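# Fold and geometry: a report
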Amino acid sequence: SFSQTVPPMLKKLFKSFRTPARRGNHSHSTPEVLSSSQHPIERGEISRYAISVVERLQQAGYQAYLVGGCVRDLLLDIDPKDFDVATSATPEQVRAEFRNARVIGRRFKLVHVHFGREIIEVATFRANHPEGEEEENSNLSSRNESGRILRDNVYGSLEDDAQRRDFTINALYYDPSTERILDYANGVHDIRNHLIRLIGDPTQRYQEDPVRMLRAVRFAAKLDFDIEKHSAAPIYKLAPLLGGIPAARLFDEVLKLFLAGYAVYTYELLVDYGLFGQLFPASAEALKLNPDYTDQLIRNALDNTDLRIHQGKTVTPAFLLAALLWPALPARVIKLQDRGMPPIPAMQEAAHELISEQCQRIAVPKRFTMPIREIWDMQERLPRRSGKRADMLLENPRFRAGYDFLLLRESAGEETGGLGDWWTRYQDVSDSERRNMIRDLSNKDDGPGAPRKRKRNNSKRKRGPAAENSSSTAGE
Ligand code: ATP
Ligand code: MG
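For the structure given in this document, a descriptive report is provided here. Because the structure is predicted, anything quoted here is derived from the model rather than measured. (Residues numbered from 1 in each chain as written. Chains lettered and ligands numbered in written order. Predicted model: local features only at pLDDT ≥ 70, side-chain atom pairs only at ≥ 80, totals over all residues. Heavy atoms only, no water.)

Let us now look at the overall build of the protein. Helices and strands together make up the secondary structure of the protein, namely 25 helices and 12 strands. Classification of the 476 residues of the protein by burial places 50% in the buried group. Residue pairs at least 24 apart in sequence account for 69% of intrachain contacts in the protein once pairs closer than 6 positions are excluded. For the protein, the exposed surface amounts to about 22400 Å²; the carbon and sulfur share of it is 48%. (Helix = DSSP H or I, 4+ residues; strand = E, 2+ residues; numbered from the N terminus. Buried < 20%, exposed > 50% of the residue type's maximum accessible area, 1.4 Å probe, protein only. Contact = heavy atoms within 4.5 Å. Areas by Shrake-Rupley, 256 points an atom, 1.4 Å probe, with all protein chains shown as cover.)

Tallied over the full model, the rule gives 2 cavities of 30 Å³ or more. The volume enclosed by the second largest cavity comes to roughly 40 Å³. Around the second largest cavity sit Leu-321, Leu-325, Ile-355, Gln-358, Cys-359, Val-364, Thr-369 and Ile-372, which together line it. Going through the elements one at a time, helix 16 (317-325), helix 18 (343-361) and helix 19 (366-381) are the ones with two or more residues in the lining of the second largest cavity. It is helix 18 that contributes the most residues to the lining of the second largest cavity, 3 residues altogether. Among the residues forming the lining of the second largest cavity, the class breakdown is 6 nonpolar, 2 polar and no charged. (1 Å grid on protein atoms, 1.4 Å probe; cavity = no way out; pocket = protein on both sides within 12 Å on 5 of 7 lines; lining within 4 Å. Points joined across faces, edges and corners; volume = space filled by probe spheres on them. Nonpolar A, V, L, I, M, F, W, Y, C, P; charged D, E, K, R; others polar.)

Ranked by size, the top nonpolar core spans 105 residues in total, and within it Leu-66, Ile-196, Phe-258, Leu-275, Phe-280 and Trp-376 carry the most contacts. For this core, the element with the highest residue contribution is helix 8 (residues 211-223), accounting for 9 residues. With 15 residues, the next largest nonpolar core counts Ala-390, Phe-399, Met-437 and Ile-438 among its residues. (Core = buried A, V, L, I, M, F, W, Y, C linked by side-chain atoms within 4.5 Å.)

Around ligand 1, the surrounding shell holds 17 residues, and the nearest of these are Arg-72, Asp-209, Arg-212, Arg-215 and Arg-218. One nitrogen or oxygen atom from the main chain of Gly-69 is found 3.2 Å from an oxygen atom belonging to ligand 1. Here a nitrogen atom of ligand 1 and a side-chain polar atom of Arg-212 are 2.8 Å apart. For ligand 1, whose unbound accessible area comes to 590 Å², protein coverage reaches 86%. Elements with a minimum of two residues in the shell around ligand 1: helix 3 (69-75) and helix 8. No other element matches helix 8, which puts 5 residues into the shell around ligand 1. In terms of residue class, the shell around ligand 1 is built from 1 nonpolar, 3 polar and 13 charged. (Near = heavy atom within 4 Å. Polar contact = N/O pair within 3.5 Å; in protein donor to acceptor, adjacent residues only side chain to side chain.)

Moving on to the packing of aromatic side chains. On inspection of all chains with the given rule, the structure shows 16 aromatic pairs. Aromatic side chains Tyr-49 and Phe-115 sit 4.5 Å apart centroid to centroid with 15 degrees between the ring planes, which places their arrangement in the stacked category. Taken together, the residues Tyr-49 in helix 2 (residues 48-59) and Phe-115 in strand 5 (residues 110-115) connect sequence positions 66 residues apart. Here Tyr-49 falls in the partly exposed class, since its relative accessible area comes to 24%. (Phe/Tyr/Trp six-rings, centres within 6.5 Å; stacked < 30°, edge-to-face > 60°.)

Turning our attention to helix 21 (residues 399-411). With 13 residues, helix 21 ought to run about 18 Å at 1.5 Å a step, and its terminal C-alpha atoms sit 18 Å apart, in line with that. Within the sequence span of helix 21, burial applies to Phe-399, Gly-402, Tyr-403, Phe-405, Leu-406, Leu-408 and Arg-409. Immediately beyond the C-terminal end of helix 21, within one or two residues, lies Gly-413, with a positive phi of roughly 95 degrees. (Expected span 1.5 Å × (residues − 1).)

As a further point, take the sheet that holds strand 2 (residues 64-67). Reading across from one edge, 1-10-9-2-3-6-5-4 is the order of the 8 strands in this open sheet, with mixed pairing throughout. Each having just a single partner strand, strand 1 (32-34) and strand 4 (101-104) make up the two edges of the open sheet. Geometrically, the sheet is characterised by an average inter-axis angle of 30 degrees between neighbouring strands, direction not taken into account. Sheet analysis places strand 1 next to strand 10 (residues 180-183), joined by 3 bridges and oriented antiparallel. Looking across to strand 10, one finds that Val-33 is bridged to Leu-182. (Pairing = 2+ DSSP bridges. Axes fitted to C-alpha atoms, helices over the stretch in contact; angles between N-to-C directions.)

Encoded structure:
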């Protein structure tokens, strides 16, 4: 309910609004209208640029509203990430109204109106795809065999626009001039009841765009809502449809899933709905082979990410991806070693294979795959500290990420012979103490000449790709 989120006075007003009995499923043409006294949104909470875009379009004779996530979030007293505008003006007409406007997108044409660093996204009202009309409209809209929408530029009325949106809670329109909310799909009812509900037939809507399954999970986690049972039911079976989504789009979606501050819960839902394996097949395999360690490592990484986000700190996607994939490495390293490849090249080759496989699913850009490799390489180097090596590692720009990653591995129960503590102390002490620490190492057989035993102890090998390396060097 709104009880924890809406200021008391407004809450009362909002509560006094009664959702009328639901209309039949097929009459969508007249919306519920909430006047300014029936909802808690105030103009002052809205970006002044968003308001000016809407009012400018209205003055030019077009219909224009704030729509989607911002209206939903304001009703829940959440700070909106951004403000989206929906209008009857075409992208060209929108561009003609503003000096700093750019038409973007191919699959879905939008206009970005720039105000300094703030961007207001303006979308033209669109219609759902009339099935069986592909031929007539083939240059505007098309679907593939499984019903997925490939292009999406069929313009429509406001009513059409509401119906083509994904969830009822995302189909609310706010007019800042009248301060009224238009609700075509019972979105207010679902906001009140904390429900994520697809508009229309769930199976069909997921088939049209399988990414909606990820969006359902993302909003459920972010808002702490339930996915309504008819919207939840088809997901597990339809999850494999994600295989047909372009890898670049999935990368964007994965970042949104894990960088919104609710990554642990999102991960749990993804696993429960069978979606995680569609995004990270190798990690899902590792979850089966080595469930406790893999699950713990992923959770700890995500937990840490959530914490950083809530503290307003930055998060590097590379670190997160390095963690998600790390548990999938050992099986591959072992396979290559069993074919006679020495440990280090086997590790390198396994890392390379794993990342290129992952990139076929999710197009991770080079600027992230490079640091993933560097973080992993660092795991091989952190145990080797003799002579000047430790000091050189400290100078390495990736040291911090590598060290954090080592601590993450240990937090999931990986045995490293106290390597994390050693490095924590090494960073902290004086030069002379550092020299002592290095000298103590050589007494314990660490050094260039130390024999690198290839242990066949299975319980250790399973723990992580670098386990054998570190246990042979750090002196247990
Ligand atoms: P947030 O920005 O907080 O992540 P949002 O709801 O604003 O959430 P966007 O991805 O910005 O999400 O999309 C804006 C709106 O566009 C949504 O609220 C929804 O109405 C519509 N929308 C986005 N993606 C889809 C989709 N795949 N299918 C149908 N409608 C969509
Ligand atoms: Mg948005």
